[in-house]
Amino acid sequence: MGDNFRSSQGVVDSARRVAEVNLERLPKTMQSRDRQIHEHGDLLALRFPTPAQEAAWIIASIQTLRGRPFTENDEARGLTWSDCAILLRSVKNSAQPIVEALRDAGIPHLIKGMNRLFETPEVQAARAIYYYLNDEIGRADLRAAWAAADLGIALTDLETAIDWLDAERAAWAQRWLASERSPQHTFLGFLREIKLREEGVAGGTLFGRARGEIVYYNLGKFSQLITDYELIHFHSGATSLYGGFAGFLRHQAEDYYPEGWEDSGYARPDAVQIMTVHQAKGMEYPVVFVPNLVRNRFPTKRQGGRQWYHVIPRTAVTGADRYLGTEEDERRLFYVAITRSKKHLFCSWAPEGSNLYSKESPFLREFIAAGYALTREPAAQPPAAIEPRPAVERAEIALTFSELKYLFECPYQFKIRFLYGFNPGFSERLGYGNARKGRPGAPALLPRERRGAGQDRARGEDHRAETRGRSGRAWTHRPHSAPKPTRISGRRPAALQRPSQPNSPRRPTVPKRHNRTHRTVPDQYSRSPL
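Predicted, not measured: the structure shown is a model, and the values here were computed from it.

Rules used throughout
- Residues numbered from 1 in each chain as written.
- Predicted model: local features only at pLDDT ≥ 70, side-chain atom pairs only at ≥ 80, totals over all residues.
- Heavy atoms only, no water.
- Salt bridge = Lys/Arg side-chain N within 4 Å of Asp/Glu carboxyl O.
- Helix = DSSP H or I, 4+ residues; strand = E, 2+ residues; numbered from the N terminus.
- Buried < 20%, exposed > 50% of the residue type's maximum accessible area, 1.4 Å probe, protein only.
- Patch = residues over 30% accessible without salt bridge, like charges linked within 9 Å, V, L, I, M, F, W, Y side chains within 5 Å.
- Areas by Shrake-Rupley, 256 points an atom, 1.4 Å probe, with all protein chains shown as cover.
- Pairing = 2+ DSSP bridges.
- Axes fitted to C-alpha atoms, helices over the stretch in contact; angles between N-to-C directions.
- Contact = heavy atoms within 4.5 Å.
- Parallel < 35°, antiparallel > 145°, perpendicular 65-115°, else oblique.
- Left-handed = near helix turned anticlockwise from the far one by under 90°.
- Nonpolar A, V, L, I, M, F, W, Y, C, P; charged D, E, K, R; others polar.

Draft legend 1. Seen up close, the pattern of salt bridges. This model, assessed by the stated rule, comprises 31 salt bridges. A salt bridge links Glu284 to Arg6; the shortest N-O distance between them is 3.1 Å. Of this pair, Glu284 sits in the loop between strand S8 (272–276) and strand S9 (285–290) while Arg6 is found in the loop between strand S1 (3–4) and helix H1 (9–19), placing the two residues 278 residues apart along the sequence. Residue classification places Glu284 among the partly exposed residues on the basis of a relative accessible area of 37%. Through salt bridges that share partners, Asp135, Arg139, Arg143, Glu159, Asp163, Asp166 and Arg169 make up one connected network.

Below, the structure is given as structure tokens:
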């Protein structure tokens, strides 16, 4: 466990120098196996006058590094956007100038988790769908939101999609199945009507196909957000459901998810990655930037206000100090950040104007003390650029048999659901477990759907994967197809048989009632053909 097969000697020795400052640490020494050769200027520790100038330098460095030769597994390739990661202690507090500089430069980028999701034009357009259905905006505003997203959508398709929304809203009152009037159903249906495709998304020369992947990546996260809301408000009526969801999007959604929230999709578009250090655990990149190394940012300042120890006595919690957050814990996190780099590692800071955030982090001085990081950019001429090409990764993904079914039936559907994270929504046709026993509040399963589900099972098909949300748990209870206990045939033993009474009167035969609660099925459903 003491061998590092990822990083260069300079990265490993600098990280070890930082870790050794902690008194409480495991007695081990990390050693580099020199899979990457350390070169002069690979590690930098720089100071800038303002955060805007720091961000501008990061953008210029990314543009310079694109196409820089990088050897990995005995194969040389040019570095590309996805080889660069920007790791922050807090995306919420520190990412603004960097994101603005990336956007102005036209460099494809994405932010992991739900941080700043609603600043993307495609998600702003998606949010406008529910404002329109809640009568908060008009048809022209919805059309303008999708036109501003610049996704290559034809105006006629957009008008058709808005007409479809109007028809759906008018049909809510006649929809018996909640899944056919759910926000997820509406979202996926609208994307289908506008004919959104990755290859059709408009993008500049720097973006290319990457912008289509980023758009799908962000819309997949929005689909996850819809699922999270539906799980809580499943039984709400259509009007209150859409009204509540529109209010949630406007007032709560941006701050609803904690920082560091993980995405459920596995896709990694060719774009600069922006994330918290916590999200970067277990990952590795050829180029890593660790900006905003300011005291009280990294290490972070302990927050005031009401804390857990105001409710639970510290004496009641074993090892309570480790939950308070110490500078040693922050140093361990900084160690994680710098060891994500394979070769190029750039740490920087800039005062933010406030006295609270005007001094450099002590971690930066510890990083410099190792002797590898330069405090000025070298004047050496960079090597000639070659064709940028993303690394070929082989990720180990655990899939169920139902998920593999989607892969073999429709690979593109598999990509949309499991790589980009789109959720298909729920389906009442799968049954509600004890609904047949008349449990109050459980809708009855129509005969047509019951027969159809039985035919699907007879063909070996299992649709329960469609009801799986982000956590992988099924939304429905035990399906109605659970096997019934079999009765052992044969007569009772003679000792257990009742004595015969030939002259005793027989009770009249009555139909056996399985359910105490009877539900009336409309006649048109019961007579409908298969």
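Draft legend 2. Structural context of a nonpolar patch on the surface. Among the surface-exposed residues, Leu231, Ile232 and Tyr256 lie close enough to one another that they form a single nonpolar patch of about 320 Å² accessible area. Secondary-structure assignment places Leu231 in helix H9 (residues 210–232).

Draft legend 3. Representation of the sheet that holds S8. Taken together, six strands build an open sheet; the order of strands is S3-S10-S9-S6-S8-S7 and the sheet is parallel. Two strands bound the open sheet, and with one partner strand each, they are strand S3 (43–47) and strand S7 (109–111). Across this sheet, the average inter-strand angle for adjacent strands is 20 degrees, counted without regard to direction. Note that strand S6 (residues 84–88) and S9 share three bridges and pair parallel. Each residue of the ladder has a partner; that of Cys84, found in S9, is Val287. Where helix H2 (residues 51–65) meets the sheet, it contacts S3, S6, S8, S9 and strand S10 (341–349), and its direction lies at approximately 170 degrees from that of S9.

Draft legend 4. Layout of the packing of helix H5 (residues 121–133) against helix H10 (residues 238–251). Contact geometry for H5 and H10: axes closest at 9 Å, N-to-C directions at 135 degrees. What the angle tells us is that H5 and H10 run oblique. Our pair here, H5 against H10, has a crossing hand that is left-handed. Of the residues in H10, those touching H5 at Arg127, Tyr130, Tyr131 and Leu133 are Tyr242, Phe245, Ala246, Leu249 and Arg250. For the contact of H5 with H10, the class distribution of residues is seven nonpolar, no polar and two charged.

Draft legend 5. Here's a closer look at the environment of Tyr217. By secondary structure assignment, the location of Tyr217 is in helix H9. Distance from Tyr217 to Lys112, taken between C-alpha atoms, is 9.8 Å for residues 105 residues apart in sequence.

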